[in-house]
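A look at the structure
Spelled out, the chains give:
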Amino acid sequence: MNILEIERLEKKYKNFSLENISFSIPEGSIMGLIGENGAGKSTIMNLITGAAVKDGGNIKIFGKDQEKLTYDDMAQVGTVMSGCGFPEELTADMAEKVLRGIYKTWDGDKFFGYAEKFGLPLKKKIRTFSTGMKMRFEIAAALSHGARLLLLDEVTNGLDPAARMEVLDMLLDFIQDERCSVLISSHIVGDLEKICDYITFIHGGGLVFSENKDELLEKYAVINADDGKLAELDENAVVAVRKTAVSQTALVFKDSIPREFETEKASVEDIMLYYLKRGERI
């Protein structure tokens, strides 16, 4: 069963349009949402949560149309967006009391356990927290009210490598309950490659692809090739070419090139960057 289904999603602003976005997330999986700044990733998150109103398309969560979700349904969606969503004059333990009153399924023991693990000071006002501490606090809250779907927008921003790995490990633990799933965006694409089952790539408000990560990595390769060697290839086999003063490389569809060509494994970040500069010199 898919925990989230997006079909032909559209949102129009004065200077930006999100158009024809479709993807789905199966239960028990993590999907990474990638793309450049301004591609539309945060807009998609806002549309899923209802913070913005879609202009077209359909959103289903837990198999229900978004418009038919109940309060209890939405309580099963945990959200962490960039920037702190809590009043910053509150202390962490004051915020816990507020959350306890909002969510019927609130688990205070779990929250305080995460707070201890993250080293969060309970008696200090949130405004005194560093960016990383604020993010840890929000993640702790999102994981403590019985959510089945986590929506995480740039949650590893401001975290050092050790703290990032701690968060990624928590997400992997979260989906051990196969009813649960995660949609996470991050500019640190290498983090997403470590944990994600699926990758959805948004560029300029449009969908480039939404694919199983392992199949995606198997589909592409990077080759070192001069113009003569590239001329030997079917032009449809080449996604994009990168030229520097000393070398020339190309992202290619692995199955469409002759076996005698030596290939290197492409990372998710490689694939994204070549697509962003498709047809350009990078």
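Read on for a plain summary of the structure. Quick caveat: nothing in here was measured; it's all calculated off a predicted structure.

**Here's the deal with the pattern of salt bridges**
Here the structure, examined in full by the defined rule, presents 16 salt bridges. Between K123 and D93 there is a salt bridge whose closest N-O contact spans 2.6 Å. A residue pair is termed long-range when its members are at least 10 positions apart, and K123 in the loop between α4 (108-118) and α5 (131-142) and D93 in helix α3 (residues 92-102) qualify at 30 residues. Judged by relative accessible area, D93 falls into the buried class, the value being 13%. For the salt bridge of E96 with R100, the shortest nitrogen-to-oxygen distance reads 2.7 Å. Of this pair, E96 and R100 are both found in helix α3, four residues apart, which corresponds to roughly one turn of the helix. By relative accessible area, E96 is classed as buried at 2%.

**Considerations on the packing of aromatic side chains**
Tallying each qualifying case throughout the model produces 12 aromatic pairs. Summarising the aromatic geometry, the rings of Y103 and W106 are spaced 6.5 Å apart at their centres and angled 20 degrees between planes, so their arrangement reads as stacked. On the numbers, 5.5 Å between centres and 65 degrees between planes, the contact of F201 with F209 is edge-to-face. Residue classification places F209 among the buried positions, given a relative accessible area of 7%. Among the aromatic residues, those joined into a ring-pair cluster are F86, Y103, W106, F111, F112, F129 and F137.

The rules behind the values
- Residues numbered from 1 in each chain as written.
- Predicted model: local features only at pLDDT ≥ 70, side-chain atom pairs only at ≥ 80, totals over all residues.
- Heavy atoms only, no water.
- Salt bridge = Lys/Arg side-chain N within 4 Å of Asp/Glu carboxyl O.
- Helix = DSSP H or I, 4+ residues; strand = E, 2+ residues; numbered from the N terminus.
- Buried < 20%, exposed > 50% of the residue type's maximum accessible area, 1.4 Å probe, protein only.
- Phe/Tyr/Trp six-rings, centres within 6.5 Å; stacked < 30°, edge-to-face > 60°.

Such coordinate-based values are descriptive only and should not be taken to indicate function.
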